[in-house]
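Here are the chains, one letter per residue:
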Amino acid sequence: MTTTQSPDAALDAHLDKTHDARLESYREFLRIPSISALPEHAPDVRRAAEWLAHALRTAGLENVAVEETSFHPVVYADWLHAEGAPTALVYGHYDVQPVDPLDLWTSPPFEPVVVDGRMLARGAADDKGQVHAHAMAAAALMATRGGFPINVRYVFEGAEESGSEGLDAWLTANRDRLTSDVAIISDTGFFEGNIPAITVGLRGLMYAQIDVVGSPVDLHSGSYGGAVQNPANALAQIIAALKGPDGRIRIPGFYDAVVALTEEEHAAIAELPFDEDEYRARRHVGELVGEVGYSTLERRSTRPTLDVNGVWGGFQGHGTKTIIPAHAHAKVSCRLVTAQEPHDIFVKFRDFVLEIAPPGVKVTVQDLGGGRPSHTPVDHPMTRAAARALEATFGRAPVFIREGGSIPVAASFESILGLPVVLLGFTQPNENAHAPDEWMSLDNYEGAIRAIVATFDEIATLGSSHRE
Ligand code: BES
Ligand code: ZN
């Protein structure tokens, strides 16, 4: 996708002149292994926060601070001199997912390289690339116009990939100083075929761990096999009972809070330009499977799911070892929709697992957190403003889509700060987020910078609903 030339000649000149330095800065940011989930990387997460704060300060933003939460820090910055104009709170996250399995990367995850117009590294797309594009848009505005057309506050998080622990408390504690008119979240992407998109629905998440324990030590499977319960078999039995062959989740009450799509919503999804064969082929999967009675697009964004994310226990080495393992474990998560509440679903999940657990083993279920689903308005003037900016930048009107992923803070911006949310993201749909060889298209990255500036200009034409 090529971006159309912006009518802003000074911006074009600035972006041309700073192109190489910008890419080097992007690579520098990506070299910091800010994996929020792994305690040994906590200093790197902080280093990424400091790096980002420095970049924002250099851009000319004010009140730049690395602020503490109960987990990883938040990076805050603002520029509030557009009197009478609306205020946008911009959100992204500078933490990344773990990188294993390392042997499946074509180049090391924290040694970014550009190959065929793509930046290849962990975080290139999700979400450091988008955070970096915001920092570069800010720098471009300060350099070419000496300021912004609107007021902006930046809130960049370091724990999104770990369930945003500590963020709600930080938002609540800072509610009064975060007054804004809209929250712009840049952590989503374009639609299949690299069509510009605005996401208007995200699924929530419930994450749990099942631990199954038998004898305190492994037992010889010849001497004991047949006489004692095998924790790995018991775990497999539990997992197999969670979902039917029709793709329906069998936990009692699981669907209670799921609201069916309206005719209009159903029709809007059916109208999206989606080629199922191409989608399947690009992911190298033989066949698409899912809940009976729903299309692939509906299954992956409007329906709740249950998936095993990891399973372990027993012998993993080469060759054979004849044992009854002492214990077995699984990480299981559910994507949630409409009014499903993570904790309520956890309780239902736990109770069902304990009910169906076979005898002879001790089964426990831990709550590993989650987040609520969210829906953002298609018709809000802020959404319309962003849509105009995307069309002007990329030469094509955006489609409005629902995404299957989760951004827990979207619901928090609405409930804690009372803000409408616009999900304005720029990655491509097959960018390998959370997987080896994550990449960001440099055309999308450069387009993002222009589209961000254009969005601010469009928002400036709307009034502010509050006064500083
Ligand atoms: N950028 C994603 C969210 C996303 C994924 C949006 C796919 C649109 C499509 C985000 O960084 C993410 O991965 N979030 C986690 C949240 C979880 C850890 C609470 C997710 O969805 O797994
Ligand atoms: Zn993300």
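Keep in mind that what you see is a predicted model, and the values were worked out from it rather than measured. (Residues numbered from 1 in each chain as written. Chains lettered and ligands numbered in written order. Predicted model: local features only at pLDDT ≥ 70, side-chain atom pairs only at ≥ 80, totals over all residues. Heavy atoms only, no water.)

Caption draft 1: Quick peek at the coordination of the zinc ion (ligand 2). The protein atoms donating to the zinc ion (ligand 2) are H93 (NE2), D126 (OD), D187 (OD) and D187 (OD), with metal-donor distances spanning 1.8 to 2.7 Å. Because the angles between the 6 donor atoms bound to the zinc ion (ligand 2) fall within 52 to 157 degrees, the donor set is best described as irregular. (Donors = N, O, S within 2.8 Å, 3.2 Å for Na, K, Ca; no water. Tetrahedral: all angles 85-135°; square planar, octahedral: opposite > 155°, others 65-115°.)

Caption draft 2: Main features of the sheet that holds strand β18 (residues 439-441). Strand order in the open sheet formed by 3 strands is β4-β5-β18, and the pairing between neighbours is antiparallel. Every interior strand has two partners, whereas the edge strands, β4 (113-115) and β18, have only one. Taken over all neighbouring pairs, the strand axes of this sheet differ in orientation by 30 degrees on average, direction set aside. By the bridge criterion, 3 bridges tie β4 to strand β5 (residues 118-120) in an arrangement that is antiparallel. Bridging across to β5, V114 finds its partner in M119. Contacts between helix α2 (residues 19-30) and the sheet are confined to β4, β5 and β18, with β5 contributing the most and set at about 25 degrees to the helix. (Pairing = 2+ DSSP bridges. Helix = DSSP H or I, 4+ residues; strand = E, 2+ residues; numbered from the N terminus. Axes fitted to C-alpha atoms, helices over the stretch in contact; angles between N-to-C directions. Contact = heavy atoms within 4.5 Å.)

Caption draft 3: A look at the site of ligand 1. Contacts to ligand 1 come from 15 residues, most closely from E160, D187, R335, S406 and H434. R335 is positioned with one of its side-chain polar atoms (N or O) 2.8 Å from an oxygen atom of ligand 1. One of the side-chain nitrogen or oxygen atoms of H434 is found 2.8 Å away from an oxygen atom of ligand 1. For ligand 1, the accessible surface in isolation is 510 Å², of which the surrounding protein chains cover 83%. Tallied by class, the residues present in the shell around ligand 1 amount to 3 nonpolar, 6 polar and 6 charged. (Near = heavy atom within 4 Å. Polar contact = N/O pair within 3.5 Å; in protein donor to acceptor, adjacent residues only side chain to side chain. Areas by Shrake-Rupley, 256 points an atom, 1.4 Å probe, with all protein chains shown as cover. Nonpolar A, V, L, I, M, F, W, Y, C, P; charged D, E, K, R; others polar.)

Caption draft 4: Region of the structure containing unusual backbone geometry. With an omega of 0 degrees, the peptide bond running from D100 to P101 counts as cis. By secondary structure assignment, the location of P101 is in the loop between β3 (87-93) and β4. The omega torsion of the bond from D126 to D127 falls at 5 degrees, within 30 degrees of zero and hence cis. Mapping D127 onto the fold places it in the loop between β5 and α4 (128-145). Backbone geometry at H284 places phi at a positive 60 degrees, although glycine is not the residue there. On the basis of relative accessibility, which here comes to 72%, the residue H284 falls in the exposed class. (Buried < 20%, exposed > 50% of the residue type's maximum accessible area, 1.4 Å probe, protein only.)

Caption draft 5: Quick peek at the packing of aromatic side chains. With the rule as written, the count across this model stands at 12 aromatic pairs. One aromatic cluster is present, built from ring pairs that chain together W79, F148 and F456. Over the ring of W439 we find R118, and its NZ or CZ is 3.5 Å from the ring centre. K128 extends its terminal NZ or CZ atom over the ring of F29, reaching a point 5.2 Å from the ring centre. (Phe/Tyr/Trp six-rings, centres within 6.5 Å; stacked < 30°, edge-to-face > 60°. Lys NZ or Arg CZ within 6 Å of the ring centre and 35° of its normal.)

Caption draft 6: Focus on the packing of α2 against helix α3 (residues 42-59). Relative orientation of the contacting elements α2 and α3 amounts to 155 degrees, with a least axis distance of 10 Å. The angle between α2 and α3 places the two elements in the roughly antiparallel class. The segment α2 lies against α3, with S25, E28 and F29 engaging A48, W51 and L52. A class-by-class count of the residues in the contact of α2 with α3 yields 4 nonpolar, 1 polar and 1 charged. (Parallel < 35°, antiparallel > 145°, perpendicular 65-115°, else oblique.)

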